Every structure is written in structure tokens, then in C-alpha cells.
Amino acid sequence: MTSLEQDTTTGSWAAFDKTTSRWGPITMIAGMTVMILGPGLLAIRLGVQPGAVIAGVLAIAATFGVVWFVEPLSYFPLLGPASMYQAFMIGNISNKLLPAAIVAQSAVDAKPETKRGQLASVLAICGAATTHLTVLALAVGIFGTLLIDVIPPELVTSVQTYVLPAVMGSVVVQMVWANPQPRIFLIAAVGGAIVVFVLTPLFPIVSYFAVALGVIATIALSLTLPGREKALEEGLATTLE
Amino acid sequence: MSVSATVATSESTDVLAVANSPILWGSVAAVFAVITLQTVIYFRAASRAAPGVGLDKKDVTRAFRAGAVASLGPSLAVSLIAITLISVFGTPGVLQRIGLIGSAAFDVAAAGIVAGTEGTTISGEGYTQQVFANVLLCIAIAGAGWMLVTLIATPLLKRGQGTLERGKNRGRMALISSAALLGAFLCFTFQQAAGGLGPLLVLLASALIMASLLYVAKAFEQRWLQEWALGISLIASLAFATVLPALGIA
């Protein structure tokens, strides 16, 4: 490789870096804005009180706030800076975007940690986004809307009533299956059981922050109880994405 | 109760009527447009930089196509989950929350939390259009948490690239992530179990169906089934839930 070639390499990479580190954040902020604006306007029209919104957001934050920080930090080494702005807008990172990136890297024979590998993964995510938007628009947008019109109202009520247990049962099994963590599972199970079956009946006010309490207790105990040294070295994260 | 049209409708419990409002369709169309724009910009920037790192035109097409084809299965699997949840969030709601930015686990759990702060449950007594609008807004704002951290952290991490990859830090983050999610989801699970015989049976059915699907996927090496497991399990356990009233369990 001559020095001239090396110069064009760094030059074209710098251009890519400049474009993505400018347009990545711009598009992400735009996406964030329009995604909040729609429900926001609806809430204003229906007279939702600001206090109710704040209470709701705080209650979710108490439960998932930690995950907001941990997931982007955990995915950064796998995705690289440019793809971060793609991944956290498109979603489905671990089940779709990462596998797509790996397949693409092997298709063009690129190692993940190289610039070649990073570009292949950006291109793969572009391909994945194209497929995803098309499939969603057709399968959910059109077919789903037609389907909902013919579903009897009793079925709608039944789905609404049981959606939480139906999702929770499967998600917990899937989490444990994908990344078995017997030590953390045991801590979370004992902590959760105490919060839900002992503290909540004793002090009904606990029910408002029961999950947050369970989360904080599990994190604190997982970091302090014996056996953490081995866990710290393993380093495989359970994720929501 | 027929004071004025707007007041009367916001107290209505017909949430699907507002779930399909043009405002929400407009919002989801805008999100689609933004992601499309981002994809075009990224694709053009990557194509231009490709020759510099030894990727020729054919390689660019190959990488793009590989990503497009590889995500066909997962996209269909996510669509199935989204369709199942249309009666909870409405079509634009599932497109935006389940199909794109969020996930079924976060959004359903968060919807339950917000309904709880309003003293009700999803579809329960007092789950009005107003409560529904608040649920959608809260999960959108909370869902922006990931994006906000991404926006702030990415430039910082780019400068200090490497520190996070090192053993101990990575291990600690993995541990906190696992502890937070297992702590949250086991609490939700117990709360559902404490909610009565109906939810308990649905919970157990869902867990059993998921475990069997994952077992079959592993035993017969059917990777596609792993992707489809959540969608199939959701439909099967909700189908089981619909027969509960017939058995006298509400």
C-alpha cells in the first residue's frame, strides 16, 4: 500500500465518520421528537394532566432507569459509534441487528474490530432496516389493521386483561434460557418474593414502588453478596433489546 | 355524561377508537420517514468510504443484501408479536413501540406500571381513553431514555474507546444489567401471580409453552423457532386465556 492510498483511506474514513457523527444524532433527535410528539398531542387533546404524565414516567424510570444507561454502554463495543444511532432507533438489536451484522461481515470476509468490519455492519444494518420497515408496513400496518376490525370485542378484552401475565411468563423463561445466571436469579427471586408477598400486604403503599424496590435490592445484593468475583469475570449481560 | 364532546370521549373506555387516531398514524409515519432518511444517509456515506477500506462495489451490495435477508425472519417474528398486541396499543402504537424503538417486554411492563399509577390496570375499571393516552405518552418518553443516553454517551465513549471493553468494567455492567432486568421481571411475575387464579394460570401456561418451544428449538436445532418463540407463546397463552371464562375462572 502506497502512502497515497493510505491517505485516501483515512480521508474517506474521516468523511464517513464526519457524516455519521453529524447525521446520526440529528436523525435520532428527530426520531425521538416525532415519537413523543404524536402521543403528546393526543394526551393534550384528551386532557391528560401533566402531573399524571410525570408520575407515570417517574414510576417507569424507577424500574427501568438503570437499563437506559447499561444497555447503550454494553452495546457500544459491539456496534461502534456510527451504528449506535441506527441501533437504538430501529430496535431489536440482539435478535436482529447483531446477527445481520455478523452475517454480513462473514459474507465479505471482514473481521468485526476492523474498519472494514464496521462498514460491513453499517451496510448490514441499512439492509436490515429496509427489510424491517417494509415487513412492518405490510404485515402489521395493513394486515394487522384489517385483522383488528374482524376480532370480536370479547377477545380484545381478554387479550388486554391477560397480556401482562402472558408476556411475563415467556420473557422470564427466555431471559433465563438465553443467559442463565443462577446466583442473580436466586437473589432476584427471593428479593421479589419478599417485596410482593410480604412487604406489599403489610404496607400497601409499597405496591407503588414494589418493582423499583426489587430492582434496587437485586442490584445491591448482586454486587455485594459472596460469589460476585466469578460473575464479574463472565461478563454476559441480560438485555431487554 | 354528555357534557361536551371532548370531555365525554376522554372518559370513554373505548381506547381503540383513539388508538387509531390520525395524530398517532402521523407520528408513526414520521418515525418511518426519519429511519428511512437515516438509512439513505448512512448507506451513501458507507458506500463512499467502502473502497478506502477494501470493500468494492460488489462487497457493498453483498453486505447490504446479507443484512436484508438475515433480518427477514426476525422482522416477521417481531410482526407477529406486534399484531398480537394491537388490541392493547393500537396499530400505530405497536408499529412504533413494539416494531421499532421499544420491545414487547418493556412496553407491556411499562404500560402496566403507568396504569398502576392511575389506580387501574390495562383494560380494568377506569382504563379510559385519557389513561390510555397517558400510557402511550409515558412509554414514549421513557423509551426516549435509551436514545438520550445513546446521544450523550456515544461521543464520550468514542473518545475513551477501550475503557469499557476491559474485563472488570464490562463484567460489572453485565452484572448490573442482568440484576436490574431479572429483579424487575421477577417482581412483575410475582405481582401477576398474586393477582388471582386467572393471571396465575396464564403466567404458568406462558412459561411452560416458552420452555417447551425453546427446548424443541435446541433439541432439534431449529434456530428459527427461537426467534418465533415469543410470538407463538404469546398467541398460545392468550388463546388459553380466552377459554378461562368458559371454565368459570374470570
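The shown structure was predicted, so the numbers you read here are calculated from the model rather than taken from an experiment. (Residues numbered from 1 in each chain as written. Chains lettered and ligands numbered in written order. Predicted model: local features only at pLDDT ≥ 70, side-chain atom pairs only at ≥ 80, totals over all residues.)

Peer 1: What am I meant to see in the overall build of chain A here?
Peer 2: Counting secondary structure elements, chain A contains eight helices and zero strands. The secondary structure elements of chain A, listed N-terminal to C-terminal, are α-α-α-α-α-α-α-α. The C-alpha atoms of chain A give a radius of gyration of 23 Å, which is well past the 18 Å a tight globule of 241 residues would have. Viewed in the frame of its principal axes, chain A has a C-alpha envelope of about 75 × 55 × 35 Å. By residue count, 52% of the 241 residues in chain A fall in the buried class. (Helix = DSSP H or I, 4+ residues; strand = E, 2+ residues; numbered from the N terminus. Rg over C-alpha atoms; globule rule 2.2 N^0.38 Å. Buried ≥ 20, exposed ≤ 12 C-beta atoms within 10 Å, placed from the backbone.)

Peer 1: How should the overall build of chain B be read in this particular structure?
Peer 2: Along its length, chain B carries 12 helices and zero strands. Reading the secondary structure of chain B in the N-to-C direction produces α-α-α-α-α-α-α-α-α-α-α-α. Structurally, chain B occupies a C-alpha span of about 65 × 50 × 35 Å along its principal axes. Long-range pairs, those at least 24 residues apart, make up 57% of the contacts in chain B with a sequence separation of at least 6. (Contact = placed C-beta atoms within 7 Å.)

Peer 1: Teacher, can you tell me more about helix α3 (residues 93-107) of chain A here?
Peer 2: Since the α-helix advances by 3.6 residues per turn, residues separated by three or four positions end up pointing in the same direction. With 15 residues, α3(A) extends 20 Å from end C-alpha to end C-alpha; this agrees with the ideal 21 Å at 1.5 Å per step. Within α3(A), 11 of the 15 residues are buried, leaving the element largely enclosed by the surrounding structure. Along α3(A), the positions that sit buried rather than exposed are A:I93, A:N95, A:K96, A:L97, A:L98, A:P99, A:A100, A:A101, A:V103, A:A104 and A:Q105. Here the buried face of α3(A) lies against α2 (50-90) and α4 (115-150) of chain A together with α4 (57-70), α5 (72-84) and α12 (223-243) of chain B. (Expected span 1.5 Å × (residues − 1).)

Peer 1: Sorry if this is basic, but what is going on with the packing of α4(A) against helix α3 (residues 22-49) of chain B here?
Peer 2: Any two packed helices are characterised by how steeply their axes cross, that is the angle between the axes, and by the distance between the axes. Across the interface, α4(A) lies against α3(B) with an axial gap of 9 Å and an inter-helix angle of 150°. By the angle between their directions, the pair α4(A) and α3(B) is classed as roughly antiparallel. Helix-helix and strand crossings are classified by hand; for α4(A) and α3(B) the assignment is left-handed. Within the contact between the two elements, α4(A) uses A:L119, A:V122, A:L123, A:C126, A:A129, A:T130 and A:L133 and α3(B) uses B:F32, B:I35, B:T36, B:T39, B:Y42, B:F43, B:A46 and B:A49. Residue classes in the contact of α4(A) with α3(B) are distributed as 12 nonpolar, three polar and no charged. (Axes fitted to C-alpha atoms, helices over the stretch in contact; angles between N-to-C directions. Parallel < 35°, antiparallel > 145°, perpendicular 65-115°, else oblique. Left-handed = near helix turned anticlockwise from the far one by under 90°. Nonpolar A, V, L, I, M, F, W, Y, C, P; charged D, E, K, R; others polar.)

Peer 1: Help me understand the interface of chain B and chain A in this model?
Peer 2: Reports often express the size of an interface as the amount of accessible area lost when the parts come together. Chain B puts 139 residues into the contact, and the matching count from chain A is 149 residues. Broken down by element, the side of chain B that touches chain A gets its largest block of residues, 25 residues, from helix α10 (residues 167-193) of chain B. The residue inventory of the side of chain B that touches chain A, partitioned by class, reads 88 nonpolar, 40 polar and 11 charged.

Peer 1: Explain the nonpolar core here, please?
Peer 2: Nonpolar side chains tend toward joint burial in soluble globular proteins. Counting residues in hydrophobic clusters, the biggest one holds 167 residues, and the most contacted among them are A:L123 and A:A124. Top element by residues in this core is α2(A). It accounts for 19 residues. (Core = buried A, V, L, I, M, F, W, Y, C linked by C-beta atoms within 7 Å.)

Peer 1: Mind showing me how you'd approach the environment of B:E227 here?
Peer 2: On the secondary structure map, B:E227 appears in helix α12. If sequence neighbours within four positions are ignored, B:E227 has contacts with A:N95, B:G73, B:P74 and B:A77.

Peer 1: How do you make sense of helix α7 (residues 210-224) of chain A when you look at a structure like this?
Peer 2: For α7(A), spanning 15 residues, the distance from its first C-alpha to its last is 21 Å, which sits close to the expected 21 Å at 1.5 Å a residue. Buried within α7(A) we find A:A210, A:V211, A:A212, A:L213, A:G214, A:V215, A:A217, A:T218, A:I219 and A:S222.

Peer 1: Quick question: what am I supposed to make of the confidence of the model for chain B here?
Peer 2: A low pLDDT score tells you not to read the predicted coordinates there in detail. All names here are of chain B. Mean pLDDT over chain B works out to 85, with 92% of the residues at or above the 70 mark. When pLDDT is averaged over each element of chain B, α3 comes out on top at 95 and helix α1 (residues 5-10) at the bottom at 49. Confidence over residues 1-8 falls short of pLDDT 50; this stretch has four contacts with residues more than four positions distant or in other chains. Among the prediction metrics, the complex's ipTM stands at 0.82, with pTM recorded as 0.82. (pLDDT = per-residue confidence, 0-100.)

Peer 1: I'm lost on the environment of A:S106 in this one. Help?
Peer 2: As for its position among the elements, A:S106 is in helix α3. Each C-alpha atom, one on A:S106 and one on A:N92, is 21 Å from the other, the two residues being 14 residues apart in sequence.

Peer 1: Sorry if this is basic, but what is going on with unusual backbone geometry here?
Peer 2: When glycine is set aside, most residues are seen to have a negative phi, and most peptide bonds are trans. Of note in the backbone geometry, A:D109 takes a positive phi value of approximately 60° without being a glycine. The topology assignment puts A:D109 in the loop between α3 and α4. The class of A:D109 is partly exposed, set by 13 C-beta atoms lying within 10 Å. Of note in this structure, B:E221 is not a glycine but carries a positive phi near 50°.

Peer 1: Mind showing me how you'd approach the environment of A:M89 here?
Peer 2: By secondary structure assignment, the location of A:M89 is in helix α2. For A:M89 and A:M32, which are 57 residues apart along the polypeptide, the C-alpha to C-alpha distance reads 8.3 Å.

Peer 1: Explanation requested: the packing of helix α5 (residues 153-178) of chain A against α12(B) in the structure shown.
Peer 2: In contact at an axis separation of 8 Å, α5(A) and α12(B) are set at 135° when each is read in the N-to-C sense. As far as their axial angle goes, α12(B) and α5(A) are oblique. Crossing geometry of α5(A) relative to α12(B) is assigned as right-handed. Taking contact as the criterion, the partners of A:L155, A:S158, A:V159, A:Y162, A:A166, A:V167, A:G169, A:S170 and A:Q174 in α5(A) are, on α12(B), B:A229, B:L230, B:S233, B:L234, B:S237, B:L238, B:A241 and B:T242. Looking at the contact of α5(A) with α12(B), its residues break down into 10 nonpolar, seven polar and no charged.

Peer 1: What am I meant to see in the confidence of the model for chain A here?
Peer 2: All names here are of chain A. A residue-level look at chain A finds 93% of positions with pLDDT of 70 or above and a mean pLDDT of 85. Looking at the elements of chain A, mean pLDDT is at its lowest for helix α8 (residues 228-234), recorded as 65, and at its highest for helix α6 (residues 182-202), recorded as 92. Low confidence marks residues 1-5, where pLDDT is under 50. Its contacts with residues over four positions away, or in another chain, come to one contact.

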